[in-house]
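The chain contents come next:
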Amino acid sequence: MNPGTPSHPASPAPSGPLRHFASDNYGGICPEAFAAMAEANVGHSPGYGDDRWTQEAADLLRETFETDCEVFFAFNGTAANSLALAALCQSYHSILCHETAHVETDECGAPEFFSNGTKVLTLPGPNGKLRPDGIDHMVRRRSDIHYPKPRVVSVTLPTELGTLYTVDELRAIGERARAHGLRFHMDGSRFGNAVAALGVAPKDLTWKVGVDVLCFGGTKAGMAVGEAIVFFDRALAADFDYRCKQAGQLASKMRFLAAPWVGMLRGGAWLRHARHTNAMAALLERALRAVPGVEILQPVQANSVFATLPGDAAAQLRAKGWRFYDFIGSGGVRLMCAWDVTPADVEAFASDLRLAVAGRS
């Protein structure tokens, strides 16, 4: 998720590093997901979701969340978020989200497009997080027929700035949403990182605090492609399969979207990889703090580090082949750890940064 990135980072030199910090999308397919896809690739299997892999993946998600939820699979996060939000809204409604939320800054108007005009309204908040009083303000500021009627509160966990809502903060937002008759959507493209960091059960961050629908990210967790759309209120999923079909999200070979989820969920790989990426971000933060002139801009709570680098250090690092984004959402640069980043990668980046700052690159 890269709100406000003006351009892609420079291409690495041929001898540049094999792993980068631009995005967790850069990582390959993790072994567990790859093995499950290989299993699903044996023989023939029914299409369009009528296969055992899709059924097993959905059942494993129900076990993971400890509730009888309705599950759908989409190719990417933009489709998952946009279709889920469209299912919660009419065209004259509005969606309340943080001003840095991915649904506002990086989905090219897809939530409005798929909902036939539902308007996204943004709210400020410290560390990328919504506040209940901000929701109150947006709901009460106008109630006339000339203004789009608020219908959904959307939060991102972890936020676009890599920060985490606590269980109590999510519960307060859920209660405020219910008090105003609003639905509660969660963009969880890195949901595993939040679960791993907070050390709570997935249910404690979702349906137990009032979340109606979660878009659970698989791609950034180590899959090739595929997001799960989890409706905790099953009534809201009525006809959602038609919505997916119309939007081009019904995979003819659905087993290849679903099988990686089986590989990730049945042995707990999704949480192991999330814990590792969080640990690598913490290691990277410690290494950066030891470099003179580096400033950490946001609390490091998941798998990203936001920092300002002194002088022309960023340009020098890119000249050596490192890839990372300038991040207008918070200033400075964003450094994101994928599932396959190692301590050696962190040390190699920190070493090159130290040389750049010392003027010896």
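Quick caveat: nothing in here was measured; it's all calculated off a predicted structure.

This next bit is on the overall build of the protein chain. When its secondary structure is counted, the protein chain shows 13 helices and 11 strands. Going through the 361 residues of the protein chain one by one, you find that 53% of them count as buried. Element-wise, carbon and sulfur atoms account for 51% of the exposed surface of the protein chain, whose accessible area totals about 14900 Å². In the protein chain, which carries 35 positive and 38 negative side-chain charges, the distance between the mean positions of the two groups comes to 1 Å.

Taken in spatial order, the four strands make up an open sheet running β8-β9-β11-β10, and their pairing is antiparallel. The sheet terminates laterally at β8 (295-296) and β10 (325-326), the two strands that pair on one side only. Judged from the two bridges that link them, β8 and strand β9 (residues 304-308) form a sheet pairing that is antiparallel. Bridging from a neighbouring strand, Ile 296 pairs with Ala 307 of β9. Contacts from helix α11 (residues 269-289) reach β8, β9 and β11 (333-336), with the element oriented near 20° to β9.

In this section: the sheet that holds strand β6 (residues 213-217). Strand order in the open sheet made by the seven strands is β1-β7-β6-β5-β4-β2-β3, with mixed pairing throughout. Lying at the two open borders of the sheet, with one neighbouring strand each, are β1 (70-74) and β3 (119-123). The sheet shows a mean angle of 25° between the axes of neighbouring strands, taken without regard to direction. For β1 and strand β7 (residues 227-231), the ladder comprises five bridges, and the chain directions are antiparallel. Within β7, the position partnered with Glu 70 by the bridge is Phe 231. Along the sheet, helix α3 (residues 77-88) makes contact with β1, β2 (93-98), β4 (149-156), β5 (183-188), β6 and β7, crossing β5 at roughly 180°. Across the sheet, helix α10 (residues 255-265) touches β1, β6 and β7, and the angle it forms with β1 is around 115°.

Turning our eyes to something else, we now look at empty space enclosed by the protein. Taken as a whole and assessed by the stated rule, the structure comprises three cavities of 30 Å³ or more. Taken as a whole, the largest cavity spans an internal volume of roughly 110 Å³. As for the largest cavity, its lining consists of 17 residues, and the residues nearest its centre are Gly 192, Asn 193, Lys 220, Ala 221 and Ala 274. Those elements that provide at least two residues to the lining of the largest cavity are α8 (191-198), β6 and α11. Of the residues forming the lining of the largest cavity, the biggest block, four residues, is contributed by α11. Within the lining of the largest cavity, the residues separate by chemical class into seven nonpolar, seven polar and three charged.

Put simply, the largest pocket is a space of about 390 Å³. Forming the walls of the largest pocket are 19 residues, and the residues nearest its centre are Tyr 48, Gly 49, Thr 54, Val 71 and Phe 72. At the level of secondary structure, the elements contributing two or more residues to the lining of the largest pocket comprise α2 (52-65), β1 and α9 (240-246).

What follows is about the side chain of Ser 115. Among the secondary structure elements, Ser 115 is positioned in the loop between α5 (110-114) and β3. In this structure Ser 115 comes out as buried when scored by relative accessible area, which is 6%. Of the polar contacts made by the side chain of Ser 115, one reaches the side chain of Thr 118; its length is 3.1 Å. Excluding residues within four positions of it along the chain, Ser 115 makes contact with Ala 86 and Ser 91.

Let's shift gears to the packing of aromatic side chains. This model, assessed by the stated rule, comprises 16 aromatic pairs. Taken together, a centroid distance of 5.3 Å and an interplanar angle of 70° make the contact between Phe 65 and Phe 232 edge-to-face. Remark: Phe 232 occurs in the loop between β7 and α9 and Phe 65 occurs in helix α2; sequence separation between them is 167 residues. Classification of Phe 65 as buried rests on a relative accessible area of 0%. A relative accessible area of 13% places Phe 232 in the buried class. Judged by centre distance (4.9 Å) and plane angle (70°), the ring pair of Phe 231 and Phe 240 falls under edge-to-face. Neither Phe 231 nor Phe 240 differs from the other in exposure class; each is buried. Through successive ring pairs, a cluster of aromatic residues spans Phe 65, Phe 73, Phe 191, Phe 216, Phe 232, Trp 261 and Trp 270. The positively charged end of Lys 129 is found above the aromatic ring belonging to Tyr 165, 5.9 Å away from the centroid.

The rules behind the values
- Numbers given to residues run from 1 along each chain, matching the order in which its sequence is written.
- In keeping with the model being predicted, local features are shown solely for residues with a pLDDT of at least 70 and side-chain atom pairs are shown and tallied solely at 80 or more, while totals for entire chains, interfaces and linings include all residues.
- Calculated side-chain values reflect all of the structure's heavy atoms, with hydrogen atoms and water omitted.
- Only DSSP runs of H or I covering at least 4 residues are called helices, and only runs of E covering at least 2 are called strands; the numbering of each starts at the N terminus.
- Remark: exposure states derive from per-residue accessible area (1.4 Å probe, protein chains only) relative to the maximum for the residue type, with buried under 20%, exposed over 50%, and partly exposed in between.
- Residue exposure ignores everything except the shown protein chains as possible cover, and the areas themselves are Shrake-Rupley values with a 1.4 Å probe.
- Under the counting rule used here, the positive set is Lys and Arg, the negative set is Asp and Glu, and His together with the chain ends is not counted.
- The atoms used to mark charge sites are NZ of Lys, CZ of Arg, CG of Asp and CD of Glu.
- Strand pairing requires that DSSP identify at least two bridges connecting the strands.
- Contact definition: two residues touch when any of their heavy atoms are within 4.5 Å.
- Helix axes use the C-alpha atoms of the stretch in contact, all axes being lines fitted to C-alpha atoms, and the angles between their N-to-C directions lie in the range 0 to 180 degrees.
- Throughout, the protein atoms alone are placed on a 1 Å grid, and a set of points is a cavity if a 1.4 Å probe fits but cannot get out or a pocket if it is open with protein on both sides within 12 Å along at least five of seven lines; lining residues have an atom within 4 Å of a point.
- Grid points are joined across faces, edges and corners, and a volume is the space filled by probe spheres set on the points.
- Gly counts as polar in this scheme, as do all residues outside two lists: the nonpolar Ala, Val, Leu, Ile, Met, Phe, Trp, Tyr, Cys and Pro, and the charged Asp, Glu, Lys and Arg.
- Between N or O atoms, a polar contact is any pair within 3.5 Å; within protein, one atom must be a potential hydrogen donor and the other a potential acceptor, and residues adjacent in sequence are included only when both atoms are from side chains.
- Whether two aromatic rings pair depends on their centres lying within 6.5 Å, for rings of Phe, Tyr and Trp, where Trp uses its six-membered ring; planes under 30 degrees apart make the pair stacked, over 60 edge-to-face, and the rest tilted.
- Here, a charge over a ring is recorded when the distance from Lys NZ or Arg CZ to the ring centre is within 6 Å and its angle to the ring normal is within 35 degrees.

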